[in-house]
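Descriptive analysis of the structure
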Amino acid sequence: MKREIRSSSVAGVAGTGAIIDVGQESFVIPGIERWRQSELRIVDLKRLSTRLHKVLKAPTDKKEPSLMVQRFPRAMFCEKCRKILRWKTGMERDGQEPKCQQDGCDGKLVPMRFVAACENGHLEDIDWGFWAHSGPNGNRGCKTNERLLFEVDAEVQNAGLGSLKVKCGDCGSYRSLEDLSNKSITKEIFRSCASMHPWIFGQQEQCDADVVVLQRGATNLHYPVTISALDIPADVADNQVSQFADQIRSQKSYQRLLELMRNIAGDYADFIDICIEAIVHAVGCDKEVVLAVANAELSGRAITSSAGQEDGQVLDQAVLLGEEWKTIEKALSQGGLTSEHFIAVSEELALSSPAWMKALVSGVLLIRRLREVRAYLGFHRVKPSTPEKMVSPDVGGQQPWLPASEVFGEGIVIKLNFGRLEKWAEKLPTIELETLKALERKRVDESFWFLPRVDPVFLAMHTLAHLLLRRITFECGYSSSSLRERLYFSREGKYAGIMIYTADGDSEGSLGGLVRQGRSDRLAQSLTEAVEQGRWCSSDPVCFETAGQGLGGFNHAACHACSLVSETSCIAANTLLDRRMLYQGSWGLLQFLEDV
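All of the points below concern the structure found in this document. Small disclaimer: the values here were computed from a predicted structure and weren't measured.

Reading guide: rules and limits
- All chains use their own residue numbering, which begins from 1 and follows the written sequence.
- Predicted model: local features are reported for residues with pLDDT of at least 70 only, side-chain atom pairs are reported and counted for 80 or more only, and whole-chain, interface and lining totals are derived from all residues.
- With hydrogens and water stripped out, all remaining heavy atoms of the structure feed into the side-chain values.
- Working definition: helices are DSSP H or I runs of at least four residues, strands are E runs of at least two. Numbering for both runs from the N terminus.
- The size measure is the radius of gyration over C-alpha atoms, and the globule rule it meets is 2.2 Å times the number of residues to the 0.38 power.
- Any two residues having at least one pair of non-hydrogen atoms within 4.5 Å are treated as being in contact.
- Only the protein chains shown count as cover for residues, and the accessible areas themselves come from Shrake-Rupley with a 1.4 Å probe.
- A positive count includes Lys and Arg, and a negative count includes Asp and Glu. His and the chain ends are not counted in either.
- The location of each charge is read from NZ of Lys, CZ of Arg, CG of Asp or CD of Glu.
- Angles shown run from 0 to 180 degrees and are taken between the N-to-C directions of axes, each axis being a line fitted to C-alpha atoms and, for helices, limited to the stretch in contact.
- Angle categories: roughly parallel below 35 degrees, roughly antiparallel above 145, roughly perpendicular from 65 to 115, and oblique for all the rest.
- A crossing counts as left-handed when the near helix is turned anticlockwise from the far one by less than a right angle, and as right-handed when that turn is clockwise.
- Residues are grouped as follows: Ala, Val, Leu, Ile, Met, Phe, Trp, Tyr, Cys and Pro are nonpolar; Asp, Glu, Lys and Arg are charged; every other residue, Gly included, is polar.
- Put simply, a nonpolar core is a bunch of buried Ala, Val, Leu, Ile, Met, Phe, Trp, Tyr and Cys residues held in one set by side-chain atoms that sit within 4.5 Å of each other.
- Whether a residue is buried, partly exposed or exposed follows from its accessible area with a 1.4 Å probe, protein chains only, as a fraction of its type maximum: under 20%, in between, or over 50%, in that order.
- Two N or O atoms form a polar contact when they lie within 3.5 Å of each other; inside protein one atom must be a possible hydrogen donor and the other a possible acceptor, and for residues adjacent in sequence the pair counts only when both atoms belong to side chains.

Below, the discussion takes up the overall build of the chain. For the chain, the helix and strand inventory stands at 17 helices and 23 strands. Against the compact-globule benchmark of 25 Å for 596 residues, the chain has a radius of gyration of 28 Å, which places it among compact chains. In terms of overall dimensions, the chain has a C-alpha envelope of 80 × 80 × 40 Å along the principal axes. Residue pairs in contact within the chain that sit at least 24 positions apart in sequence constitute 69% of those at least 6 positions apart. As displayed, the chain has an accessible area near 28000 Å², and 48% of this comes from carbon and sulfur atoms. Both charge centroids of the chain, one from 71 positive and one from 78 negative side chains, sit 2 Å from each other.

See below:
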């Protein structure tokens, strides 16, 4: 049987620590120290890899790559005899799904639905034997865990978790799954975390975080942390020695190379070449660069980093976006720009465009070809947290590389008139400004660090981007999940822009339909239709009048019927959306632009 996932997903939703379902089987993706290097290729984008001080690698496209995963949860129950057992590696049979080990049964084994996790990234099986004996119908003196049954209680009227129970076949103790959703009960029963990662044997560290019981398919069980950059003609340093120094030093062969060059270089030149070739293959640089780094260290000369990123400092996505915006503005001013993976031409807005659109849009750029590289930095569990709590993909051992994926496609960039957006934001009612300030305090206090700063201009342009993305989906030929937004906004830099581009990693190039929607005879119509559709939601007036929707309550007047898009398409987890910023009769952006 074939067990397959999309190769690009291992640098995102199916990255290290994620639980993936394939049919009725369930697996956890291990740390990258267990990934086969022979089935990986280097993804070259210096403006990203040098700042991360890591080599970027993706599954090779020359053959079918594979990944050694581990079954999780290991607790399974038989569909036939209902027995619960703990799966072991020795029970595996090539090409077969798990079968019951009970004599004469041979029923199919299905993984239990619930697992235990904590905010520090740990993950473990629930001790079902302990659970069965812990409730009011439990015999705490019984220590048997080998004869557990997962049964449906036919006497319970509702078909919820209360009708499912784990029962001990020896003493008859049982407890339903209904209490698993009660955080106070699970906290009292499971106490502190066992500090486990399923793919690592034994306890790795001390952890005093509370255990949280989650369904294995819950979205908050694995929050991937990624960073992306476009392959654009940017002003980056071309000193390869400083660019690759950190990556070269992290290679296993590097210390051996130094020993050979320090002691017996003249007699063992062939061994030096072997070490250099190994480093070149792993890092993707030239031989001369490896020699230059080694010679500099042997002579005691310091090599300064040209990446503008200090060791230990988290790379901010805003730095990369700022560089990209400079390139976009350069392309707009010159009428176009061309490089190996970036072909862009400027486009005029139609003369028949409505007044508000002419006041808002100050430039359009059609990107006929682009390349985006995304790097997987790690993950969080239970809830998004601070960078300090992020679990790196090499949790089982320090690795000099990170998983990555690359996307080839096309896009449209709409440059917005920042001056007019700024003037509109200054005229907002005081009560609205105070509400936004309260949301910003909440974002900071509750550690929603992955969300952009709460700003009325950002909320307005983000909502407009979602409306446009939803509209373009009907016209361009791509599915909604294949399109993605990229927002360029900076109060300090005084710029604002929206990019809609293809984000499907399975096909190189583009269909051309998205760029076609950016032409002067189409874009104005698409923008107009997007704005008109957004004026009314099938859930209005409830949607328009309801505050505190979505993750963290950061949405106002935004729901699935009007403004939300695929999670993979949004840069802010479908939050910081507010249709009122565009449509509120007295102070909305569209009314302000009409009056300009």
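It is worth spelling out the packing of helix α6 (residues 269-283) against helix α7 (residues 287-298) at this point. Closest axis-to-axis distance for the α6/α7 pair is 9 Å, and the angle between their directions is 110°. In terms of orientation, α6 lies roughly perpendicular with respect to α7. As α6 packs across α7, the resulting crossing turns out to be right-handed. Residues Ile-276, Glu-277, Ile-279 and Val-280 of α6 lie in contact with α7, whose contacting residues are Lys-287, Val-290 and Leu-291. Classifying every residue of the contact of α6 with α7 gives five nonpolar, no polar and two charged.

The subject of this paragraph is the nonpolar core. Core analysis: the biggest nonpolar cluster contains 61 residues, and Ile-414, Leu-416, Trp-424, Ile-498, Leu-527 and Leu-582 have the highest contact counts within it. Ranked by residues supplied to this core, first place goes to helix α12 (residues 456-476) with 12 residues. Counting 30 residues, the second largest nonpolar core, distinct from the first, contains Tyr-254, Ile-272, Ile-276 and Ile-279.

Time to look at the side chain of His-462. Relative to the assigned elements, His-462 resides in helix α12. A relative accessible area of 0% means that His-462 is categorised as buried. For His-462, the side chain forms a polar contact with the side chain of His-466, separated by 3.0 Å. Look past the residues within four positions of His-462 in its chain and what remains in contact with it is Glu-485, Leu-487, Cys-570, Ala-572, Thr-575, Leu-576 and Leu-577.

Purely geometric stuff here, so don't read any function into it on its own.
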